[in-house]
Amino acid sequence: MTDQQIIEALIARDERVTKRFFYANCRPLFLSIIRNVFSYEVDYDEFVNEFYLHLMEDDAYRLKQFQGRSTIYQWMKVIAIRYFIAKRDSMIDMEPKDTHIDSVVQNEAVDGEKKMMAKMDVERLFSLMPNKRYVYVIKRLMLQEAEPKAVAQELRTNVDNLYNIKKRAIAALTEIALKEVEKYEKEISK
């Protein structure tokens, strides 16, 4: 495919071309940008999702600006670097600020010791998650029950992307929790 055909397929939302382009063809380029632009860990899927939404805003206005004066990869590199350099400094610091969870267990019937143990268990699982943005999203949306629109604004993203982040965050937390259960079961069976 020519560069112009790729652009046209992206604008037409051709799923096969879009997936191959962003997850295969551009992967080395985007991984390099992630390494050089961000000082903290950034999930590749989240990066692609953010960038794709940026490109597709206003009826794919940015993609329609491609004129073929350079290769599509050089053009993508410039657009992505500009976008993420501007965004990285305005994104929320993803380092955990507070290790206390006040709303994990709200059932009054649970005594104080069990409540404290539950908080500690959840915090431990959060500490095992390498992507602190995921931790932040789970805390704000699920534990603090913040409005999605407010959290999206805090993260300088849109609500649709926030739900994608939440889905990946829950999947990551679930995977970590299952590994911890498996590890615990192996230890007690010794």
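Our subject is the structure that appears above.
About the cut-offs
Residues numbered from 1 in each chain as written. Predicted model: local features only at pLDDT ≥ 70, side-chain atom pairs only at ≥ 80, totals over all residues. Heavy atoms only, no water. Core = buried A, V, L, I, M, F, W, Y, C linked by side-chain atoms within 4.5 Å. Buried < 20%, exposed > 50% of the residue type's maximum accessible area, 1.4 Å probe, protein only. Helix = DSSP H or I, 4+ residues; strand = E, 2+ residues; numbered from the N terminus. Contact = heavy atoms within 4.5 Å. Polar contact = N/O pair within 3.5 Å; in protein donor to acceptor, adjacent residues only side chain to side chain. Axes fitted to C-alpha atoms, helices over the stretch in contact; angles between N-to-C directions. Left-handed = near helix turned anticlockwise from the far one by under 90°. Nonpolar A, V, L, I, M, F, W, Y, C, P; charged D, E, K, R; others polar.

(A) Structural view of the nonpolar core. Membership of the largest hydrophobic core comes to 30 residues, with the highest contact counts inside it found for F22, F30, F47, F51, L63 and M76. Sorting the residues of this core by element identifies α1 (3-11), α2 (15-25), α3 (27-37), α4 (44-64) and α5 (72-88) as the ones contributing at least two each. Looking at this core, the element that brings in the most residues is α4, giving 9 residues. If near-sequence neighbours (up to four positions away) are discounted, M76 is found in contact with L10, F21, L29, F51, L55 and L63.

(B) Examining the side chain of T157 more closely. Residue position: T157 is located in the loop between α8 (148-154) and α9 (159-188). There is a polar contact of 2.7 Å between the side chain of T157 and the side chain of E50. Once residues lying within four places of it in the same chain are set aside, the contact partners of T157 are E50, K87, R133, A152 and L162.

(C) Just unusual backbone geometry, in detail. Backbone geometry at E145 places phi at a positive 50°, although glycine is not the residue there. With respect to the secondary-structure elements, E145 resides in the loop between α7 (132-143) and α8. A positive phi angle is found at R156, which is not glycine, with a value near 55°. Inspection of the secondary structure puts R156 in the loop between α8 and α9. Residue class for R156 comes out partly exposed when judged on its relative accessible area of 48%.

(D) Spatial organisation of the packing of α1 against α2. Relative orientation of the contacting elements α1 and α2 amounts to 115°, with a least axis distance of 8 Å. For the pair α1 and α2, the sense of crossing is left-handed. Contacts from I6, A9 and L10 in α1 reach V17, T18, F21 and F22 in α2. Here the residues of the contact of α1 with α2 are counted per class, giving 6 nonpolar, 1 polar and no charged.

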